[in-house]
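Descriptive structure summary
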Amino acid sequence: MDGYLEVLGLLRMPVLIIVTSYIIAAAVYNCWYYYVIYSGIDRNCKAPLPPGGMGWPVIGESFKLLTQGSKFYTEKFQRNNCRMFKTHLFGRPTIRIYGAENLHTILHGENNIVESQWPQSTKNLLGNVLTLSSGDRHTMLRRYVSRAFTHEALQGYVELSLPLIQDGIDSWCTEKSVLAFDATRRLLFDIAAVVLCGFDHKEIEGGEMADTFMDFTKGFFTLPFDLPGTPYRKALLAKKILLSRLDSVVERKMKTSPEEDTQDALRILMDHVDEEAEGGHMTTESLKADMVDLLNAGFNTTSSAATTLLYHISRNPDLLKNIRQELIQSGLIDRSNGLTFDRLVECKYLTNVVREGLRIAPPVGGGFRKVLKTFELEGYQIPQGWTVLYSIRDTLSFSDSYFDRDQFDPDRFSPERKEDQIGGRYNYPIFGGGSRSCMGKQFAQLILRILLVELAERAK
Ligand code: HEM
């Protein structure tokens, strides 16, 4: 009997430890939860916060997101059965939102209810560039950079990018097999470097510049501690190299008259660096930083879209056959009538293939905003100071207007179906919207169209 009681006593010890730990953990969790919620909630607003748990103290649900990826978001939306949920990510209380009308509110609320938000590491690496600027400077930079994306500029970019795309695809054709992801990345980097930043093809040969650029972008979402061996330190070094290479390009261009130079984005913008006209904000130094910004905004996104298109073309040869048919009908198949921006835009089927590629795997999943003042959305409170994460990916994947949405079907954009237009403009929010809408959307689609035309030409 004594032995039995002793065993019971021994057993009680771990149970006691477990129960006490559980009570302490629950108390810490509740303190943290109520601290985050009640220090953040706006008491002047009667609406409740959106549904959703906040995860563990301090780390919130960041670890879950990192291990589960996009499944984390999908499951949270489904569990809460609502077009928004609250969570705690990377040290910040966050509300993730989808749905065409909700995106309209966020995207058109810039500088009023929200402003764009970036991690400190990205700010340090990119500097005070267009994407990261706000207010008057942002408006000024958009006006300035838009000169690189006029109709005339885009027409010039057809001539600059065409030989690169032709050479790129020709070299793929000589290989036994090609890894689409690597091949498109390399090709799209070369196009962005030549057409946007004015590099000579020889200056980027060998892929060294592309590797440097990749090191640069790997530092964007890291802790900004300049310590040996960290991606952030590598990114800082890569930035130095990129800027010094751009220095050489600018120097070369300064010695060349505008008429004799290639009409790339850097040349176009250099011709407009008029310090007086831009209120003294625009200098060659800031122009170089903005070129790196454009390279960053344009390269990864477009190469991701190109890889998606290659994947679907390889699975469905009819896509290229149909594009070829359209090119024959419009007299573009041997480029005897010249490939121009306007003629490419007129090819509706081609355009719809590009649009469908962007829909099925949107290259930009969404954007971060900081809430400037509390507002209500669908009856829920979005409190000042919190982060809003607007989701392009979920808006597309939960939208009811896309029939058989996992199928690659360019005809969903045909005049008879117009699925993208059902439910409003932000039912197809691929390029964002409002005052922060994508500046390179025409350019990106132009490059993707040319890529498809060149592939269709060879698919005899
Ligand atoms: C398929 C390719 C592309 C996609 C899907 C895409 C998508 C987007 C999206 C969704 C935004 C808004 C982000 C936000 O709201 O925070 C954006 C902004 C931007 N994009 Fe793109 N983009 C693409 C290609 C390009 C290219 C090729 C360039 C330039 C050459 C470019 C330049 C920019 C710039 C400068 C901004 C920031 C605008 C601002 O903050 O005012 N993008 N892009």
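Because the structure is predicted, anything quoted here is derived from the model rather than measured.

What follows is about the packing of aromatic side chains. Taken as a whole, this structure holds 15 aromatic pairs when the rule is applied. Taken together, a centroid distance of 4.7 Å and an interplanar angle of 65° make the contact between F77 and F85 edge-to-face. Each of the two residues, F77 as well as F85, counts as buried. Ring geometry for F413 against Y428: centres 5.5 Å apart, planes inclined by 80°, an arrangement best described as edge-to-face. Of this pair, F413 sits in the loop between α17 (392–397) and α18 (441–458) while Y428 sits in the loop between α17 and α18, and the two are 15 residues apart along the sequence. For the residue pair F413 and Y428, the accessibility class agrees, reading buried in each case.

Next up on the list: the layout of surface pockets. Of the volumes computed, that of the second largest pocket is approximately 400 Å³. Contributing to the lining of the second largest pocket are 17 residues, with R355, Y428, F431, K441 and Q445 lying nearest its centre. Top element by residues in the lining of the second largest pocket is α18. It accounts for four residues. Residues that form the lining of the second largest pocket fall into these classes: five nonpolar, seven polar and five charged.

What the five strands build is an open sheet, ordered β1-β2-β7-β4-β3; its pairing is mixed. Looking at strand neighbours, the two that pair on one side only are β1 (84–89) and β3 (114–116), the edges of this open sheet. Going from strand to strand, the sheet's axes swing by 35° on average, the running direction of each strand aside. Across six bridges, the pairing between β1 and strand β2 (residues 92–97) is antiparallel. Its bridge partner lying in β2, M84 is registered against I97.

Rolled over the atoms, a probe sized like a water molecule indicates the empty space that remains. Overall, the coordinates contain one cavity of 30 Å³ or more when judged by the stated rule. The calculated volume of the largest cavity comes to roughly 40 Å³. Residue lining of the largest cavity: L188, I191, A192, L196, G298, F299, T302, F443 and I447, and that is the complete set. Every element with two or more residues in the lining of the largest cavity is listed here: α8 (180–196), α13 (284–315) and α18. Partitioned by chemical class, the residues of the lining of the largest cavity number seven nonpolar, two polar and no charged.

Turning next to the environment of H138. Of note, H138 is situated in helix α6 (residues 135–145). Between the C-alpha atom of H138 and that of R185, which follows or precedes it by 47 residues, the distance is 29 Å. Not counting chain neighbours up to four residues away, the residues in contact with H138 comprise L130, S133, S435 and R436.

Residues spaced three or four apart along an α-helix point in a common direction, a consequence of the helix completing one turn every 3.6 residues. Compared with an ideal rise of 1.5 Å per residue, which puts 13 residues at 18 Å, helix α16 (residues 348–360) spans 18 Å between its outermost C-alpha atoms and is within 8% of the ideal. Counting buried positions along α16 gives 11 out of 13 residues, so the element sits mostly inside the fold. For α16, the full list of buried residues reads Y349, L350, T351, N352, V353, V354, R355, E356, G357, L358 and R359. Contact partners of the buried residues in α16: α13, α14 (318–329), α15 (341–346), α17 and α18.

When you line up the elements, T302 lands in helix α13. Judged by its relative accessible area of 7%, T302 falls in the buried class. Of the polar contacts made by the side chain of T302, one reaches the backbone oxygen of G298; its length is 2.5 Å. Non-local contacts of T302, meaning those with residues more than four positions away in its chain, are made with L188, A444, I447 and L448.

With that settled, consider the site of the ligand. Around the ligand, the surrounding shell holds 28 residues, and the nearest of these are H138, R142, R369, Y390 and C438. At a separation of 2.6 Å, an oxygen atom of the ligand approaches a polar side-chain atom of H138. At 2.7 Å from an oxygen atom of the ligand is found a side-chain nitrogen or oxygen belonging to R436. Among the secondary structure elements, those contributing two or more residues to the shell around the ligand are α6, α13 and α18.

Using the residue numbers shown here, the UniProt feature "binding site: heme" (unreviewed entry) corresponds to C438. Position of C438 relative to the elements: it lies in the loop between α17 and α18. Residue C438 is classed as partly exposed on the basis of its relative accessible area of 31%.

Formed by 117 residues in total, the largest nonpolar core has its most connected members in Y157, L196, F216, M291, I323 and I382. Ranked by residue count, the leading element in this core is α13, at 11 residues. Setting aside anything within four residues of it in sequence, one finds Y157 in contact with A148, F149, V195, Q263, D264, A265, I268, F443 and L446. Listed in part, the eight residues of the second largest apolar core include L65, Y73, F85 and Y98.

For the rest of this paragraph, the subject is the pattern of salt bridges. On inspection of all chains with the given rule, the structure shows 27 salt bridges. As a salt-bridge pair, E378 and R83 come within 2.7 Å of each other at their nearest N and O atoms. Taken together, the residues E378 in the loop between β5 (375–377) and β6 (380–382) and R83 in the loop between α3 (70–80) and β1 connect sequence positions 295 residues apart. We classify E378 as partly exposed; its relative accessible area is 36%.

Analysis parameters
- Residues numbered from 1 in each chain as written.
- Predicted model: local features only at pLDDT ≥ 70, side-chain atom pairs only at ≥ 80, totals over all residues.
- Heavy atoms only, no water.
- Phe/Tyr/Trp six-rings, centres within 6.5 Å; stacked < 30°, edge-to-face > 60°.
- Buried < 20%, exposed > 50% of the residue type's maximum accessible area, 1.4 Å probe, protein only.
- Helix = DSSP H or I, 4+ residues; strand = E, 2+ residues; numbered from the N terminus.
- 1 Å grid on protein atoms, 1.4 Å probe; cavity = no way out; pocket = protein on both sides within 12 Å on 5 of 7 lines; lining within 4 Å.
- Points joined across faces, edges and corners; volume = space filled by probe spheres on them.
- Nonpolar A, V, L, I, M, F, W, Y, C, P; charged D, E, K, R; others polar.
- Pairing = 2+ DSSP bridges.
- Axes fitted to C-alpha atoms, helices over the stretch in contact; angles between N-to-C directions.
- Contact = heavy atoms within 4.5 Å.
- Expected span 1.5 Å × (residues − 1).
- Polar contact = N/O pair within 3.5 Å; in protein donor to acceptor, adjacent residues only side chain to side chain.
- Near = heavy atom within 4 Å.
- UniProt positions renumbered as here; feature names shortened; annotations may be inferred.
- Core = buried A, V, L, I, M, F, W, Y, C linked by side-chain atoms within 4.5 Å.
- Salt bridge = Lys/Arg side-chain N within 4 Å of Asp/Glu carboxyl O.

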